[in-house]
Amino acid sequence: MVTPDLNADGYTGHILIEPNRPISWQDNIRFVRIFALLSLLVGGALFYQGLYLILPFSGLEVACLFGALYLVYRHYSICQVIYFTRDSVIIESGDKRATERVEYQRFLSTFYIDDNGNYSIPRLTIRSHGKTTEIGSFLSYADKQALISLIRKLTQHFQQVDPQATS
């Protein structure tokens, strides 16, 4: 999901990039509760019939399901924010808060599109002085295309603005 928030000048602001989450955390919890209730009912019925080892394994099954859903949801909680200022492009990445921050000089960096990405999804990177950062590696094909067209529009504004005229 690409959410631009650009200023009136058209070339400063920020873009929030998030993966499409298949389900919310509250819905995950509801699913685990229903699954745990059904597992407890089946385990309790079998426990009553004398199959004592079923109940601990059904609890282990619920715990493994909860752990797997937590890991998947955490993977889909990452996001990137790209800030465009007059002099720089700043990329912050993280899950709950920015854990990584990379800054590029606006007029010395270039965006590069590689069409040979995984599943025919192009890779978008920014490069400057030997540093390379991939942008939106978790996006779907349609979201990546929207991001690329937005970046192209913004870089056209970068090229039209003379760096000596703004100083």
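Up top is the structure these notes are about.
Residues numbered from 1 in each chain as written. Predicted model: local features only at pLDDT ≥ 70, side-chain atom pairs only at ≥ 80, totals over all residues. Heavy atoms only, no water.

Draft legend 1. Spatial organisation of the overall build of the protein. Looking only at helices and strands, the protein features 4 helices and 8 strands. Reading the helices (α) and strands (β) of the protein from amino to carboxyl end gives β-β-α-α-β-β-β-β-β-β-α-α. The globule rule puts the C-alpha radius of gyration for 167 residues at 15 Å, and the 23 Å found for the protein is more than 25% above it. Projecting the C-alpha coordinates of the protein onto the three principal axes gives extents of approximately 85 × 30 × 25 Å. Taken across its 167 residues, the protein has 32% of its residues classed as buried. A separation of at least 24 residues holds for 48% of the contacts in the protein among residues at least 6 apart in sequence. Of the accessible surface of the protein, which amounts to about 10,900 Å², a share of 57% is contributed by carbon and sulfur atoms. Where the 15 positive side-chain charges of the protein centre and where its 15 negative ones centre are 3 Å apart. (Helix = DSSP H or I, 4+ residues; strand = E, 2+ residues; numbered from the N terminus. Rg over C-alpha atoms; globule rule 2.2 N^0.38 Å. Buried < 20%, exposed > 50% of the residue type's maximum accessible area, 1.4 Å probe, protein only. Contact = heavy atoms within 4.5 Å. Areas by Shrake-Rupley, 256 points an atom, 1.4 Å probe, with all protein chains shown as cover. Lys, Arg positive; Asp, Glu negative; His and termini not counted. Charge placed at Lys NZ, Arg CZ, Asp CG, Glu CD.)

Draft legend 2. Up close: the packing of aromatic side chains. In total, this model carries 5 aromatic pairs according to the counting rule given. Relative to Tyr52, the ring of Phe47 has its centre 5.2 Å away and its plane inclined at 75°; by these criteria the two rings are edge-to-face. For Tyr52, a relative accessible area of 54% translates into the label exposed. An aromatic cluster is present here, built from Trp25, Phe66, Tyr70 and Tyr73 joined pairwise through their rings. Looking at Lys131, its charged tip hangs above the ring of Tyr104, at a distance of 4.8 Å from the centre. (Phe/Tyr/Trp six-rings, centres within 6.5 Å; stacked < 30°, edge-to-face > 60°. Lys NZ or Arg CZ within 6 Å of the ring centre and 35° of its normal.)

Draft legend 3. Examining the environment of Ile54 more closely. Here Ile54 is to be found in helix α2 (residues 54-75). Residue Ile54 is classed as partly exposed on the basis of its relative accessible area of 33%. Sequence separation between Ile54 and Ile126 is 72 residues; the distance between their C-alpha atoms is 54 Å.

Draft legend 4. Region of the structure containing a nonpolar patch on the surface. On the surface, a nonpolar cluster with roughly 420 Å² of combined accessible area is contributed by Ile34, Leu37, Leu38 and Leu41. In this structure, Leu37 sits in helix α1 (residues 25-48). (Patch = residues over 30% accessible without salt bridge, like charges linked within 9 Å, V, L, I, M, F, W, Y side chains within 5 Å. Salt bridge = Lys/Arg side-chain N within 4 Å of Asp/Glu carboxyl O.)

Draft legend 5. Looking closely at the sheet that holds strand β3 (residues 79-84). The 5 strands lie next to each other as β1-β2-β3-β4-β5, forming an open sheet whose pairing is antiparallel. Single-partner strands in this sheet number two, and they are β1 (2-6) and β5 (100-105). Each strand axis lies, on average, 15° off the axis of its neighbour in the sheet, ignoring direction. Relative to β5, strand β4 (residues 88-94) runs antiparallel, the two sharing 6 bridges. (Pairing = 2+ DSSP bridges. Axes fitted to C-alpha atoms, helices over the stretch in contact; angles between N-to-C directions.)

Draft legend 6. Main features of the pattern of salt bridges. For the structure on display, the rule yields 6 salt bridges. Of the charged contacts, one joins Arg101 and Glu103 as a salt bridge, the two residues approaching to 3.4 Å between their closest N and O atoms. Assessed through its relative accessible area of 41%, Glu103 is described here as partly exposed. The network of salt bridges with shared partners includes Glu92, Arg101 and Glu103.

Draft legend 7. Representation of the nonpolar core. In this structure, Ile15, Ile17, Ile82, Phe84, Ile135 and Leu147 are the most contacted members of the largest nonpolar core, which totals 19 residues. Looking at this core, the elements with two or more residues in it are β2 (13-17), β3, β4, β5, β7 (123-128) and α3 (141-160). It is α3 that contributes the most residues to this core, 5 residues altogether. (Core = buried A, V, L, I, M, F, W, Y, C linked by side-chain atoms within 4.5 Å.)

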